[in-house]
Amino acid sequence: MSKLDGKVAVVTGASKGIGAAIAKNLAQHGAAIVVNYASSRAGADAVVEAITSAGGKAIAVKADVSKAEEAQGLIEAAVNQFGRLDVLVNNSGIYEFATIEDVTEEHYRRLFDVNVLGVLLTTQAAVKHLGENGSIVNISSAITHVHTPAAGVYAGTKGALNAISGVLANELAPRKIRVNVVSPGFVVTEGTHTAGVVGSDMEAGFIAQTPLGRAGQPDDIAGVVAFLASDDARWLTGEVITASGGIR
Ligand code: NAP
């Protein structure tokens, strides 16, 4: 008996990077997975194929989490396909860096729409279906306390997410739905490649400040999420776990 046997999980932004690793890890522990993507259909299909070829259950569902109708459709797809919902992992996120001189309204809105509004919309849709022992895991970032220059707006989205998660932990506790946060340090992903962080001075700086002395990998984060999603973490709510090799 695996720790997520019989459970159904939606993982947002699971077409690549940390979300793909979380989806595969939760499936290895027995959960049926909804692999959400916004644009990377091939990436989502590859994650579904990896899960199903190992004997698991998964479907890919396209949805922009920052649009209410699409967020609702994502959650309904999970319930329609698998009959229930137990776990929501809000992993979708975008990061772009800008010094204060370069911050624009568009940059601010793009990041807050996906990283904050997107979490509110998927959570709002999910709480209609999450029963007792439901678990919500929000992926934040250690950047809220590492205070990396030029990350003001991105760090702001993740600080807001931490605050919202704490409120929701209390608000949903009477319904026995737990809400916890995982805050990764620097992780090598498609996103950090595209953002130009991998191979940059910023990456070298992160690794130099990391006591365990290396960059994080998506699987370093996925196991922590699987723990929080499972009943092993039944007495944890409102926690922020920094998964960063010790950087804080
Ligand atoms: P990534 O490789 O860029 O992947 C991002 C994922 O989010 C993709 O699956 C993407 O889907 C999805 N996404 C983007 N916009 C979306 C939207 N509007 N609706 C639904 N999905 C959307 O990112 P990552 O590095 O794995 O990061 C994942 C999470 O970890 C983010 O929340 C990020 O802030 C956080 N984090 C990352 C690091 C790091 O160093 N990598 C550190 C701390 C925290 P499509 O590809 O289909 O568009």
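Provided above is the structure to which this section pertains.
First things first, this report covers the structure right here in the doc. Numbers given to residues run from 1 along each chain, matching the order in which its sequence is written. Two thresholds apply to this predicted model, a pLDDT of at least 70 for residue-level local features and 80 or more for giving and counting side-chain atom pairs, whereas whole-chain, interface and lining totals are computed over all residues. Working from all heavy atoms in the structure, the side-chain values ignore hydrogens and water.

## Some words on the nonpolar core
Step number 1: Counting residues in hydrophobic clusters, the biggest one holds 35 residues, and the most contacted among them are Ile 22, Leu 26, Ile 33, Val 35, Val 89 and Val 182.
Step number 2: Put simply, DSSP marks the helices as runs of H or I at least four residues long and the strands as runs of E at least two long, and each gets a number from the N terminus on. Where this core is concerned, the elements lending two or more residues are strand S1 (8–11), helix H1 (17–28), strand S2 (32–37), helix H2 (41–53), strand S4 (85–90), strand S5 (130–139) and helix H9 (218–229).
Step number 3: In what follows, a contact means two residues having at least one pair of non-hydrogen atoms within 4.5 Å. Residues contacting Leu 26, with those up to four places away along its chain left out, are Leu 4, Ala 9, Val 11, Ala 31, Ile 33, Val 89, Ala 226 and Ala 229.
Step number 4: Only buried residues count toward a nonpolar core, which is a set of Ala, Val, Leu, Ile, Met, Phe, Trp, Tyr and Cys residues joined through side-chain atoms within 4.5 Å. Remark: exposure states derive from per-residue accessible area (1.4 Å probe, protein chains only) relative to the maximum for the residue type, with buried under 20%, exposed over 50%, and partly exposed in between. Core analysis: the next-biggest nonpolar cluster, separate from the first, contains 23 residues, Leu 74, Ile 75, Ala 169 and Leu 172 among them.

## Things to note about the site of the ligand
Step number 1: Nearness is defined per residue: one heavy atom within 4 Å of the molecule or strand is enough. Near the ligand there are 33 residues, and of these Ser 15, Ser 40, Tyr 95, Tyr 154 and Thr 189 occur at the shortest range.
Step number 2: Polar contact is defined as a pair of N or O atoms within 3.5 Å, subject to the rule that within protein one atom must be able to donate a hydrogen and the other to accept it, and that residues adjacent in sequence are counted only when both atoms are side-chain atoms. One nitrogen or oxygen atom from the main chain of Asn 91 is found 2.8 Å from an oxygen atom belonging to the ligand.
Step number 3: A distance of 2.9 Å is found between an oxygen atom of the ligand and a backbone nitrogen or oxygen belonging to Gly 191.
Step number 4: Methods summary: accessible areas were calculated by the Shrake-Rupley approach with a probe of 1.4 Å, and residue burial reflects only the protein chains presented. Considering the ligand on its own, with 900 Å² of exposed area, one finds that the protein chains cover 92% of that surface.

## Comments concerning the packing of helix H4 (residues 105–126) against helix H6 (residues 152–172)
Step number 1: Axis definition: a line fit to C-alpha positions, over the contact stretch in the case of helices; interaxial angles, taken between N-to-C directions, run 0 to 180 degrees. Contact geometry of H4 with H6 gives a least axis separation of 9 Å together with a crossing angle of 20°. By the angle between their directions, the pair H4 and H6 is classed as roughly parallel. Considering only the axes of H4 and H6, their crossing is right-handed. Across from His 107, Tyr 108, Leu 111, Phe 112, Asn 115, Val 116, Val 119, Leu 120 and Thr 123 in H4, the residues of H6 making contact are Val 153, Tyr 154, Gly 156, Thr 157, Lys 158, Ala 160, Leu 161, Ile 164 and Leu 168.
Step number 2: Class assignment of the residues belonging to the contact of H4 with H6 gives a composition of twelve nonpolar, five polar and one charged. Put simply, angles under 35 degrees are roughly parallel, angles over 145 are roughly antiparallel, angles from 65 to 115 are roughly perpendicular, and the rest are oblique. Note on convention: the crossing is left-handed when the near helix lies turned anticlockwise from the far helix by less than a right angle, right-handed when the turn is clockwise. Any residue outside Ala, Val, Leu, Ile, Met, Phe, Trp, Tyr, Cys, Pro, Asp, Glu, Lys and Arg is labelled polar, Gly included; the first ten of those are nonpolar and the last four are charged.

## Section: unusual backbone geometry
Step number 1: Positive phi, normally seen in glycine, also occurs at His 147, with a value near 60°.
Step number 2: Residue His 147 is classed as exposed on the basis of its relative accessible area of 60%.
Step number 3: Its identity as a non-glycine residue notwithstanding, Ala 150 has a phi of 75°, on the positive side.
Step number 4: Residue position: Ala 150 is located in the loop between helix H5 (143–146) and H6.

## Regarding the pairing of strand S6 (residues 178–184)
Step number 1: Extensive coverage of S6 is indicated by the burial of seven of its seven residues.
Step number 2: Side chains Arg 178, Asn 180, Val 182 and Pro 184 of S6 all project onto a buried face; the interleaved residues Val 179, Val 181 and Ser 183 project onto the opposite face, where all are buried too.
Step number 3: Two strands are said to pair when DSSP picks up at least two bridges between them. Strand direction decides the pairing type here: S6 and strand S7 (residues 240–243), joined by four bridges, are parallel. By the bridge assignment for S7, Pro 184 is matched with Ala 243.

## As for H2
Step number 1: A helix's residues, less one, multiplied by 1.5 Å, set its expected span. Taking 1.5 Å of rise per residue, 13 residues should cover 18 Å, and H2 covers 18 Å from first to last C-alpha, within 8% of that figure.
Step number 2: When we look at burial in H2, the residues that qualify are Ala 44, Val 47, Val 48 and Ile 51. Buried residues in H2, looked at end-on, bunch into an arc of 100°, giving them a common side. Turned more than 90 degrees off the buried face of H2, the exposed positions are Ala 42 and Ser 53.
Step number 3: Packing partners of the buried residues in H2 comprise H1, S2 and strand S3 (58–62). The directions from the helix axis to the C-beta atoms are what the arc is built from.

## Notes on the side chain of Thr 122
Step number 1: Position of Thr 122 relative to the elements: it lies in helix H4.
Step number 2: A residue is classified by how much of its surface remains accessible, and Thr 122, at 0% relative accessible area, is buried.
Step number 3: Of note is the side chain of Thr 122, whose polar atom sits 3.2 Å from the backbone oxygen of Val 119.

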